[in-house]
Amino acid sequence: MVKFYQQKYSYEYSWNTVSFAFLNRYPNPFATHVLTVDTLDHRLDAQTGELHITRLLRKTNSVPRWARSIMRGNDAYILEEVTIDAQSGKLVSKTRNITHTRLMKVEETQTLLADNSGHTMCKNETSIVSNIGYGLNSRIENFSLSRFTDNLVKSRKGMHYVLDLAQRKGLFGQRMRLDQTGAPLSASSSGTTLVD
Amino acid sequence: MDSIGDECTPLKREYDACFTKWYSEKFLNGERTNDCTEVFKKYQTCLRKVLGERGLTKMIDDARPSIGSVFANDSVDNEQKKSNTSK
């Protein structure tokens, strides 16, 4: 049984800003379930100019009540692979759980594309596979849809939180700021705050 | 964010800072440089040690081909695979 969901959304920020925010989206107040994030690999393809990043995320695992007898509430691990093409304004992130796969396998692809108006289109595609049986498949089906929509709401709120920071204050104290169109402003000599 | 291994968190922070600066100042401007290689290596050494200690290496390596990872065959992974039981 495979369930497939898709949703599109538009961020009213430049692709440069959104891609930057996406890579730095943790921590945020809407993602308290994400405990640790580590980069496993980081490679810039010298020919294509594409950046490839692989990351390992550790999350708390909220096991639904009906699944607790068959699944321990251990930490959940997620593998994320991101490919970024700055020239064409495209970021593709694929994530998959690598624990609790007997219960279900959730794969998510998120695509960030620069659009013509200087904004960023975000497409989320999720596939959920469960073959556990035990008469649980329909529960998993319903659970997965509600989990998908809940997660999307949370992740958008998280992104907006980080985007707002990036826009107003200069993310992580970086001296190089990005203006509305994503073009870098000249580095400030003193502080790191951005005043519009 | 912290690293999965507490001892690796300072190295991770160093790498993250380097990456953030490089990404916004160079990569987004089309520059194809490799600024963070040294600091990344140090962080990676620590990280791989922690992952090995926690028995997570095989789980991660096994998962990588299926996600379409371009890194499944890189030389560091081959080192890991040599020490794991082959399928």
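Everything in this summary refers to the structure shown in the same document. (Residues numbered from 1 in each chain as written. Chains lettered and ligands numbered in written order. Predicted model: local features only at pLDDT ≥ 70, side-chain atom pairs only at ≥ 80, totals over all residues. Heavy atoms only, no water.)

## Topic: the interface of chain B and chain A
- Counting from both sides, the interface comprises 38 residues of chain B and, opposite them, 44 residues of chain A.
- Taken together, both faces of the contact between chain B and chain A bury some 3700 Å²; the carbon and sulfur share is 64%.
- Between the two partners, chain B and chain A, sit 0 salt bridges.
- Viewed at the interface, chain A and chain B are joined by 11 residue pairs in polar contact (both at pLDDT 80 or more).
- Of all elements in the fold, only α1 (9-25), α2 (37-53) and α3 (57-66) of chain B reach the threshold of two or more residues within the side of chain B that touches chain A.
- No other element matches the 10 residues that α1 of chain B contributes to the side of chain B that touches chain A.
- Grouping the amino acids of the side of chain B that touches chain A by side-chain chemistry returns 20 nonpolar, 10 polar and 8 charged. (Contact = heavy atoms within 4.5 Å. Buried area = accessible area lost by both parts, 1.4 Å probe. Salt bridge = Lys/Arg side-chain N within 4 Å of Asp/Glu carboxyl O. Polar contact = N/O pair within 3.5 Å; in protein donor to acceptor, adjacent residues only side chain to side chain. Helix = DSSP H or I, 4+ residues; strand = E, 2+ residues; numbered from the N terminus. Nonpolar A, V, L, I, M, F, W, Y, C, P; charged D, E, K, R; others polar.)

## Let's talk about the sheet that holds strand β7 (residues 120-129) of chain A
- With antiparallel pairing, the 7 strands of this open sheet are ordered in space as β1-β7-β6-β5-β4-β3-β2 (chain A). With one partner strand each, in any of the chains shown, β1 (2-11) and β2 (34-44) of chain A form the two edges of the open sheet. For this sheet, the mean inter-axis angle between neighbouring strands, taken without regard to orientation, is 15°.
- Bridging between β2 of chain A and strand β3 (residues 51-59) of chain A involves 9 bridges; their strand directions are antiparallel. When the sheet's bridge partners are listed, Asp41 of chain A is paired in β3 of chain A with Thr54 of chain A.
- Lying over the sheet, α2 of chain B contacts β2 and β3 of chain A, oriented at roughly 125° with respect to β2 of chain A. (Pairing = 2+ DSSP bridges. Axes fitted to C-alpha atoms, helices over the stretch in contact; angles between N-to-C directions.)

## As for the state of the cysteines
All names here are of chain B.
- Evaluation of the coordinates by the stated rule reveals 2 disulfides over all chains.
- A sulfur-sulfur distance of 2.1 Å marks the disulfide that ties Cys8 to Cys46. Disulfide Cys8-Cys46: torsion about the S-S bond near -90°, hence left-handed. Residue Cys8 is found in the segment before α1, and its partner Cys46 is found in helix α2; the two are separated by 38 residues along the sequence. In this structure, Cys8 and Cys46 share a single accessibility class: buried.
- Here Cys18 pairs with Cys36 through a disulfide, and the sulfurs are 2.1 Å apart. Across the S-S bond of Cys18 and Cys36 the torsion is about -95°, and the bridge reads as left-handed. (Disulfide = S-S within 2.5 Å. Buried < 20%, exposed > 50% of the residue type's maximum accessible area, 1.4 Å probe, protein only.)

## Concerning the environment of Phe148 of chain A
Residue and element names in this part refer to chain A.
- Relative to the elements of secondary structure, Phe148 occurs in helix α2 (residues 137-169).
- Accessibility expressed as a relative area gives 8% for Phe148, which makes it buried.
- A C-alpha to C-alpha distance of 29 Å links Phe148 and Ser117, two positions 31 residues apart in sequence.
- When residues no more than four places from it in sequence are discounted, the contact partners of Phe148 are Tyr5, Gln6, Gln7 and Thr126.

## So, the side chain of Gln110 of chain A
Residue and element names in this part refer to chain A.
- Looking at the secondary structure, you find Gln110 in strand β6 (residues 105-114).
- Gln110 sits in the buried class, given a relative accessible area of 10%.
- Once residues lying within four places of it in the same chain are set aside, the contact partners of Gln110 are Phe22, Leu91, Val92, Ser93, Cys122, Lys123 and Asn124.

## Quick word on the pairing of β6 of chain A
Residues and elements named next belong to chain A.
- Two strands pair when backbone bridges link them, and strand β5 (residues 90-97) and β6 are joined in this way by 7 bridges, in the antiparallel orientation. Across the sheet, the residue bridging to Val92 is Thr111, located in β6.
- Alignment of β6 against β7, held across 10 bridges, turns out to be antiparallel. Within β7, the residue paired with Ala114 across the bridge is Thr120.
- If you look at the hairpin formed by β6 and β7, you'll find 5 residues sitting between the two strands, and Gly118 has a positive phi there, around 85°.

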